[in-house]
Every structure is written in C-alpha cells, then in structure tokens.
Amino acid sequence: MSRDRAVDALRAYAIGGVVLGHWLVTGLVLTADGELHQSSPLTALPGLAPVTWVLQTLGLFFFTAGFGSARSLARHRGGPGGWLARRLRRLALPALALLGAGAAVLLAATVAGIPDDTLAVALRLAVSPLWFLLPLLLLVASTGPLRAAVARWGLVRCAAPAVAVVAAADLAGRLLPTGTSLAPVTVVAAWAVPYLLGLAHAEGRLAGRRVAGALAGGGAVALAALLALGYPVSAVGVPGAGVSNLNPPSLLAVALAVTQVGVGLLARPGLERLLARRLPGRAVTEVNRNAVRIYLWHQPVLVAVTALVARGGVALPGLHTAPDGPGWVLARFCWLPLFAAVLVTLARAGRRPARRTGWRRPGGGGAASRSAEYVPSAARVYDDRRSGPPDVRR
C-alpha cells in the first residue's frame, strides 16, 4: 500500500500551523524583577483573530491521524490488539521522554533559583502539548469499531452524534450560570469528526472534487452562521475572554476542521505537483518523520530560548516585551528562525537510527539467486508504527 503524499503534505501543514500559531500567540513578558509572565497579542490586536483560522490546524491533525490509523490497521497482519499496543506505544513513549526531560530541567531550574512564577509559566507551556494525547489515544483505540461503523452506516450518520454532543455542550455553556463546570466530553467528540473524515478518506469515501467542495462549502457556511450567532472570531483562546472556541472545542472548531479538510482535498492536485519537486518533497518527508517530536517539543523550545536569553537581564523586542502592537509581531518573526533551528536540532537528536530490515533474495536461479539484494519491505516504505508519522525512503 503506497503512501498518499497529499495527506503527507496536509499533515506537515497541520504540524507547521500548530507550531507557528503557538510561537506567534504566546508572549512571555520579562518583568522588572526578572520573572516571565504569559501574554497574547490577540488581546491587544483583536484584528489578528481571522489569522487563527489558518494557523489553528488541529482538525487537519486529527484528519491525517484517522487516515494513517485506517491505512495502518488495514495492512496489519495479526490481531488488532497487537496493532493497537504498538500504535499507542509509539505515541506514549515520546510523551514520557518529554515529561522526564521536563522534570530534570525543572529540578535544575529550581536549584538555580529561577523565580516560582517563571517556573509555573514554563511548566504550563511545556506540558500543554500533551493535552492532545487523551483524545488521540481514545480515537486510535476506537479505530476498528469506528471503521466498521462508517462502513455500515456511512460517514454522516457516524459524525452526526459527535456534532450533536458538541452542540449540546455549547448550548449548556450559554444557558448555565457562569462558572458551572461541564464534563470535557467535547474534547473527544469535536475531534472525532475530522478523525472520522480521515477514516472515510482512507476507504475512498471522500474521492472527487464534488465531495471536497461540499465539505469546504458546507463548513464555510457553518462558520458564517456560527459567527452570526455570536461565537468568538478567534479559533484559539484569548486571555481574558469569557468564551473560547478551543478550550473546550466548540462547534466553530468543528466547522473550521471540516472546512480545512475540504479545502485540503480540493488542493490535492496542486499538492501532488508541489511534492514532485525535490525541496518541498524532502521538507514534507522530514516533517512527517519527526511530527510527534516536533509537536511535543515546540513549546519547551520557546520557553527554553526565552528563559535562557532572559538571564542576561535585558528585555529584547519580540521575545521579552509585551505583545501590544504590530511591532511586536514583526520582531517575533525575527526570532522564529532561532526557534526553528533549536527545534530541528532536538528532533533530529531524538530520532532513533534507522534499522535495516527486509533482506531477501530475488527469485530465479543463477548468479542472481546466489547474491543477496536489499529490498525495502512494505513496513520500511510505509512504516507508521514508529513515534510520529511514518518514515519514507525513496
């Protein structure tokens, strides 16, 4: 089963959107007493809110996860228990590595006398990427039953209950008194919709521009209707705002995910032509190969670089200053290459060396049958059983 390179491109875009979005909306302000406090440019610059529709790409993340899980399970030889154990292990081990490294750094920072407020902010941001593990693990564990349900009842009938749960939670949040806590059921229900879309796409149910156009158009209409009903414009949380579209995910997050999936499928021919070029193709391959590590480590990199530079005691624009104007955004863009360089270094350092597998002799007699030839096995060409999306060897 060959790779779907267009889905690889969407996965790379999803990871890049999450990373870039976090790096642009997370400000760490250095105070006079040397502490770091979190702030967001969306508070002072609400006009930037529509940009979050492009950078909040978690819907595409779960769509490609559903696609990859369906493909992986379909080609797996053996019981589903073995497949699930390996799949969950590849997700959990990088998270445990992050927690272990974070605990060691936290201990060293405490000994070094880093202020408590700075440590609290650093810890919160460093572990914040881990939230996605719970819904992702639950959805991956349900891949078999969900595939069977989509095959029996169809995509719409399977996604409708999840949408209804999110709608009910949104309505309850508006009607109940302020401060009433609700069970976080929408964290799974909302992201189940793009995950189901990924499962359906793996089975060929979303083929054709008509289906892609219906998803993109229907999602856009839903977005417009929800904004007219008073949903926040920003696709991510804004400090101080009473309602968030992401924590917990709302109907607007679901509509945005459907729209992004539809647009991504419409862009398929262009993505395939782009990936035929050497440089874009290699970049997408590298991002897919290191996707989980990139996702887990991008916030710790932001915190570490900001805190280490702050030890000099000078508040640098775009890194330690308040995100209160367009100048801060421009200055933050200047820091992005440094963040990216550190993140790439960490991702490559954490990658396990490739194992050579799949040695076999070609059929036939004569000299050819007496000499061993290395032929990449199917698992080598499409190996998504590792941590993160699969490796590619051309």
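Reading guide: rules and limits
Residues numbered from 1 in each chain as written. Predicted model: local features only at pLDDT ≥ 70, side-chain atom pairs only at ≥ 80, totals over all residues. Heavy atoms only, no water. Helix = DSSP H or I, 4+ residues; strand = E, 2+ residues; numbered from the N terminus. Buried < 20%, exposed > 50% of the residue type's maximum accessible area, 1.4 Å probe, protein only. Contact = heavy atoms within 4.5 Å. Areas by Shrake-Rupley, 256 points an atom, 1.4 Å probe, with all protein chains shown as cover. Patch = residues over 30% accessible without salt bridge, like charges linked within 9 Å, V, L, I, M, F, W, Y side chains within 5 Å. Salt bridge = Lys/Arg side-chain N within 4 Å of Asp/Glu carboxyl O. Pairing = 2+ DSSP bridges. Core = buried A, V, L, I, M, F, W, Y, C linked by side-chain atoms within 4.5 Å. Phe/Tyr/Trp six-rings, centres within 6.5 Å; stacked < 30°, edge-to-face > 60°. Axes fitted to C-alpha atoms, helices over the stretch in contact; angles between N-to-C directions. Parallel < 35°, antiparallel > 145°, perpendicular 65-115°, else oblique. Left-handed = near helix turned anticlockwise from the far one by under 90°. Nonpolar A, V, L, I, M, F, W, Y, C, P; charged D, E, K, R; others polar.

Considering the overall build of the protein chain
For the protein chain, the helix and strand inventory stands at 18 helices and 4 strands. Across the 394 residues of the protein chain, 45% fall into the buried class. The contacts in the protein chain between residues at least 6 apart in sequence include a share of 76% that link residues at least 24 apart. Summed over its atoms, the accessible surface of the protein chain is roughly 19200 Å², and 66% of this surface lies on carbon and sulfur atoms.

Observations regarding a nonpolar patch on the surface
On the surface, a cluster of nonpolar side chains totalling about 490 Å² of accessible area is made up of Leu93, Leu96, Leu99, Leu106, Leu123 and Val127. Among the secondary structure elements, those contributing two or more residues to the nonpolar patch are helix H5 (80–111) and helix H6 (116–127). For the nonpolar patch, the leading source of residues is H5, giving 4 residues. The topology assignment puts Val127 in helix H6.

As for the pairing of strand E1 (residues 27–30)
Every second residue of E1 is oriented toward a common face, with Gly27 and Val29 on one face and Leu28 and Leu30 on the other, all of them buried. Direction of pairing for E1 relative to strand E2 (residues 36–39): antiparallel, over a ladder of 4 bridges. Directly across from Leu28, in E2, lies its bridge partner Gln38.

Examining the nonpolar core
The tendency in soluble globular proteins is for nonpolar side chains to be buried side by side. Ranked by internal contacts, the top residues of the largest apolar core, which has 81 residues, are Phe61, Leu136, Leu197, Leu206 and Phe339. With 11 residues, helix H10 (residues 186–202) is the largest single contributor of residues to this core. Ignoring any residue separated from it by four or fewer positions in sequence, one finds Phe339 in contact with Trp23, Val301, Leu302, Val305, Leu319 and Arg332.

So, the packing of aromatic side chains
On inspection of all chains with the given rule, the structure shows 6 aromatic pairs. Ring geometry for Phe61 against Phe132: centres 5.5 Å apart, planes inclined by 90°, an arrangement best described as edge-to-face. Taken together, the residues Phe61 in helix H4 (residues 58–75) and Phe132 in the loop between H6 and helix H7 (133–141) connect sequence positions 71 residues apart. Summarising the burial analysis for this pair, Phe61 and Phe132 share the class buried. Their ring planes at 5° and their centres at 5.4 Å tell us that Phe62 and Trp191 sit as a pair that is stacked. One end of the pair, Phe62, is in helix H4; the other, Trp191, is in helix H10, and 129 residues separate them in sequence. Trp191 matches Phe62 in its accessibility class, with the two residues each being buried.

Digging into unusual backbone geometry
With an omega dihedral of 0°, the bond running from Asn247 to Pro248 counts as a cis peptide bond. You can see Pro248 is positioned in the loop between helix H11 (209–228) and helix H12 (251–266).

Some details on the packing of helix H1 (residues 5–25) against helix H16 (residues 326–349)
Two elements in contact, H1 and H16, have axes whose closest approach is 9 Å; the angle formed by their N-to-C orientations is 130°. By the angle class used here, H1 and H16 are oblique. For the element pair H1 and H16, the recorded crossing hand is right-handed. When H1 is examined against H16, the residues Val19, Leu20, Trp23 and Leu24 are found in contact with a partner set consisting of Trp328, Arg332, Phe333, Leu336, Phe339, Ala340 and Leu343. Of the residues assigned to the contact of H1 with H16, the class counts are 10 nonpolar, no polar and 1 charged.

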